[in-house]
Amino acid sequence: MKLCYFYDLKHDSNNESMKNNMRLLFGVNALSYDYSASTKCLEKPQKPQYRGGIIINPELDDGLKGWSTFGNAKIRHQESNGNKFIVASNRSQPYDTVSQKLFLQKKLLYTLSAWIQVNKGSNVLVTATLKTTSGFKHSGAVLAQSHCWSFLKGGLTVNQSGPAVLYFESEDTSVEIWIDSISLQPFTRRQWNSHQDQSIQKMRKRNVRIKVVDAQGNPLPNATISIRQKKPSFPIGSAINKNILNNPTYQNWFTSRFTVTTFENEMKWYSTEAIQGKEDYSVPDTMLQFAKRHNISVRGHNVFWEDPRYHPSWLKSIPRQRLSSATKTRLNSALSRYKGQLIAWDVVNENLHFDYFENKMGNNASATFYNWAFEADGETTMFLNEYNTLENPKDGFAVPAKYLKKLREIQSFAGNSNGKMGIGLEAHFGSPNLPYIRSSLDTLSATGLPIWLTELDVRSGPYQAKHLEQILRETFSHPGVEGIVIWAAWNPQGCWVMCLTDHNFKNLPTGDVVDKLLGEWGLNKLTTGKIDGHGLYETSLFHGDYEVKIVHPEVKNSSLAQRINVAPTIATQHKTLLIKVQA
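Residues numbered from 1 in each chain as written. Predicted model: local features only at pLDDT ≥ 70, side-chain atom pairs only at ≥ 80, totals over all residues. Heavy atoms only, no water.

A. A look at the confidence of the model for the protein chain. Averaged over every residue, the pLDDT of the protein chain is 92; residues scoring 70 or more account for 91%. Predicted confidence for residues 5–13 stays below pLDDT 50, and this span has 35 contacts to residues more than four positions away or in other chains. Scored below 50 in pLDDT, residues 576–581 makes 21 contacts in the model with residues more than four places away or belonging to other chains. (pLDDT = per-residue confidence, 0-100. Contact = heavy atoms within 4.5 Å.)

Below, the structure written as structure tokens:
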């Protein structure tokens, strides 16, 4: 018998605002989501997404119709090179700007976008805000430039239905804010979930056709086939710490679920060199060997942490002129020791919120660290790791635009342009803003760099498990996300923020969510069926490694299992695997 398979590449005013809501929710294109974003500053803005959604006069073709002042700004309609836009000038307060009145509904999810320019300066933070009946909602931000248009993308939900006002604000009151191609698109929860399902089908699965024939090449109909996933391609894991080394129950629970890990603290500088000049890697070495035995990939975390609270105690006392040599020794020590053994390094941790090394060594300190890292290990992906880029649109230090600015500074440093970089998003959540998460990932994905959620957890509360599931579904389904690590290393004294199990390694509700989704996404899932009269069986499988068994009365050794790989990408249209078994 021959077992053959190939991939099938088929993939499958307030009143006026309310009317727009209904029209867009039930229109023929309402289920589509536009994942596109731009990180380039363009001479002319692009057309508004979703034709503006519920926004009145989104391209400003009808003068100032639908738009009014907010605060004490003056607004005007302007045209340049055939492009029409609205301008807010004479601003004395951040909120002196242009606005539009809307009606927002509680159960809907809103995606927001606009093109922004300022009349002078560069990297001016402009924020899209909605004043609602329950408060102000920061919904997205961009670093605006003069002489070109920058794309702002964000999103929000509201706590209760009612009137709202959309406006664009900036702390820099000396600039005029120019706005064009504005869009606010509502989606129902059902539509939002369908985007996830469609993206998963397209990005995480393949249609597989299996053909069973006898030794003469004739179809072998009516055989029974079973296909079980043995290892998924998409890496989902959890942090671990040294407690796992002497706890078989912890080991069994962990290794039966996850394919990737990060060591919670054991690779950090304060752990490996508590006393200057006396390095001790014995604990992370042992943890790495444990991971290797179980075929679990490891992310290195971290080389440098900008927050001085988490430095070796001796580092604060060394003279400024010796800091450069100390940091280079640290980086070369860690990267050379684990070269070729890790899938990633978080080289710099949280340098949008803290700047210890840049204060001491100069503004190029972070860029220099990556330069050293690329020289020490040019094959491993080097991540910039940060929090609140997805979690909190009110944190102006870490919005996607600020993250990308820091990324560009690092990449533009001499010798760094060809270095392998990745986007690390810590993802420490309270209550998630799903439209903002998705739009932020859209913006970051426009770089083409791999994106990982590196430390995912959710603050304790009655909706912790529900929110964890929402975040996992949103990020797993996003085309730009390439891996997820949950920050839930078990400790007898309790986990950092979120545990997945109790002290007996029985799942908590958060652990149940993880197991449910891992099973839904294919882990250990058994697919069975009957071969048709032409010897064919077709199904859709998540990317990963599978074990295939064929049972038929004419097959003597029906217990023979064959491993196949369903790959995310393939070089040719058809890939065939032949297995010969005497019938």
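B. Structural detail: the sheet that holds strand E8 (residues 135–144). Pairing is antiparallel in the open sheet, where 5 strands are placed in the order E2-E5-E10-E7-E8. On the outer flanks of this sheet lie strand E2 (68–70) and E8, each paired with one strand and no other. With direction set aside, neighbouring strand axes in the sheet form an average angle of 35°. Direction of pairing for strand E7 (residues 124–132) relative to E8: antiparallel, over a ladder of 9 bridges. Each bridged residue has a counterpart across the sheet, and for Thr-132 the counterpart in E8 is Gly-135. (Pairing = 2+ DSSP bridges. Helix = DSSP H or I, 4+ residues; strand = E, 2+ residues; numbered from the N terminus. Axes fitted to C-alpha atoms, helices over the stretch in contact; angles between N-to-C directions.)

C. How the structure looks around the state of the cysteines. For the coordinates displayed, the defined rule picks out 2 disulfides. Note that Cys-41 is cross-linked by a disulfide to Cys-148, the S-S spacing being 1.9 Å. The disulfide joining Cys-41 to Cys-148 has a torsion of about 95° about its S-S bond and is therefore right-handed. With Cys-41 in the loop between helix H1 (14–25) and E2 and Cys-148 in the loop between E8 and strand E9 (150–156), the pair connects residues that are 107 residues apart, well separated along the chain. Between Cys-495 and Cys-499 runs a disulfide, and the two sulfur atoms are separated by 1.9 Å. Residues Cys-495 and Cys-499 share a disulfide whose torsion about the S-S bond is about 110°; that sign makes it right-handed. There is no split in this pair, since Cys-495 and Cys-499 are both buried. (Disulfide = S-S within 2.5 Å. Buried < 20%, exposed > 50% of the residue type's maximum accessible area, 1.4 Å probe, protein only.)

D. Examining a positive patch on the surface more closely. Positive charge collects at one region of the surface, where Arg-228, Lys-230, Lys-549 and Arg-563 lie side by side. By the element assignment, Arg-228 lies in strand E13 (residues 224–232). (Patch = residues over 30% accessible without salt bridge, like charges linked within 9 Å, V, L, I, M, F, W, Y side chains within 5 Å. Areas by Shrake-Rupley, 256 points an atom, 1.4 Å probe, with all protein chains shown as cover. Salt bridge = Lys/Arg side-chain N within 4 Å of Asp/Glu carboxyl O. Lys, Arg positive; Asp, Glu negative; His and termini not counted. Charge placed at Lys NZ, Arg CZ, Asp CG, Glu CD.)

E. Seen up close, the environment of Met-498. Residue placement: Met-498 occurs in the loop between strand E22 (481–486) and helix H12 (509–520). We classify Met-498 as buried; its relative accessible area is 0%. Here the alpha-carbon distance between Met-498 and Ala-488, two residues 10 residues apart in the chain, equals 5.6 Å.

F. A look at unusual backbone geometry. Between His-301 and Asn-302 the backbone carries a cis peptide bond, its omega angle lying at -20°. One can find Asn-302 in strand E16 (residues 297–305). In this model, Tyr-50 sits at a positive phi of 55°, which is unusual for a non-glycine residue. Here Tyr-50 lies in the loop between H1 and E2. In this model, Phe-505 sits at a positive phi of 60°, which is unusual for a non-glycine residue. Examined against the element boundaries, Phe-505 turns out to sit in the loop between E22 and H12. Note on Phe-505: relative accessible area 8%, which makes it buried.

G. Representation of the environment of Ala-223. In this fold, Ala-223 is placed in the loop between strand E12 (205–213) and E13. Residue classification places Ala-223 among the buried residues on the basis of a relative accessible area of 0%. The sequence separation of Ala-223 and Met-203 amounts to 20 residues, and the corresponding C-alpha distance is 30 Å. Once residues within four sequence positions are removed from consideration, Ala-223 is found in contact with Gly-529, Lys-530, Ile-531, Ile-550, Val-551 and His-552.

H. The arrangement of the nonpolar core in detail. Judged by nonpolar contacts, the single largest core of 109 residues is most densely connected at Trp-345 and Leu-456. In terms of residue count, helix H8 (residues 365–376) provides more of this core than any other element does, 7 residues in total. If we skip the residues at most four places from it in the chain, Leu-456 touches Glu-426, Ala-427, Phe-429, Leu-468, Ile-471, Leu-472, Ile-484, Val-485, Ile-486, Trp-487 and Met-498. Counting residues in each nonpolar core, the second largest holds 33 residues, with Ile-86, Ala-88, Val-118 and Ala-128 among its members. (Core = buried A, V, L, I, M, F, W, Y, C linked by side-chain atoms within 4.5 Å.)

I. The packing of helix H2 (residues 189–203) against helix H11 (residues 464–477), seen in detail. Remark: H2 packs on H11, axes separated minimally by 8 Å, with the N-to-C direction vectors making an angle of 45°. Taken together, the axes of H2 and H11 lie oblique to each other. The hand of the H2/H11 crossing is left-handed. On the side of H2, the interface is formed by Arg-189, Trp-192, Gln-196, Ser-199 and Ile-200, while H11 contributes Gln-470, Arg-473, Glu-474, Phe-476 and Ser-477. Classifying every residue of the contact of H2 with H11 by side-chain character gives 3 nonpolar, 4 polar and 3 charged. (Parallel < 35°, antiparallel > 145°, perpendicular 65-115°, else oblique. Left-handed = near helix turned anticlockwise from the far one by under 90°. Nonpolar A, V, L, I, M, F, W, Y, C, P; charged D, E, K, R; others polar.)

J. Spotlight on the sheet that holds strand E3 (residues 74–80). Strands sit in the order E3-E4-E11-E6-E9 across an open sheet of 5 strands; the sheet is antiparallel. Here the strands that pair on one side only, and so sit at the sheet edges, are E3 and E9. In this sheet, neighbouring strand axes are inclined to one another by 35° on average, regardless of whether the strands run parallel or antiparallel. Pairing geometry for strand E6 (residues 109–118) and E9, over 7 bridges, is antiparallel. Paired with Ala-114 across the bridge in E9 is Leu-152. Relative to strand E11 (residues 177–187), H2 is tilted by about 95°, and along the sheet it contacts E6 and E11. Sitting on the sheet, helix H10 (residues 434–445) touches E6 and E9, and the angle it makes with E9 is about 155°.

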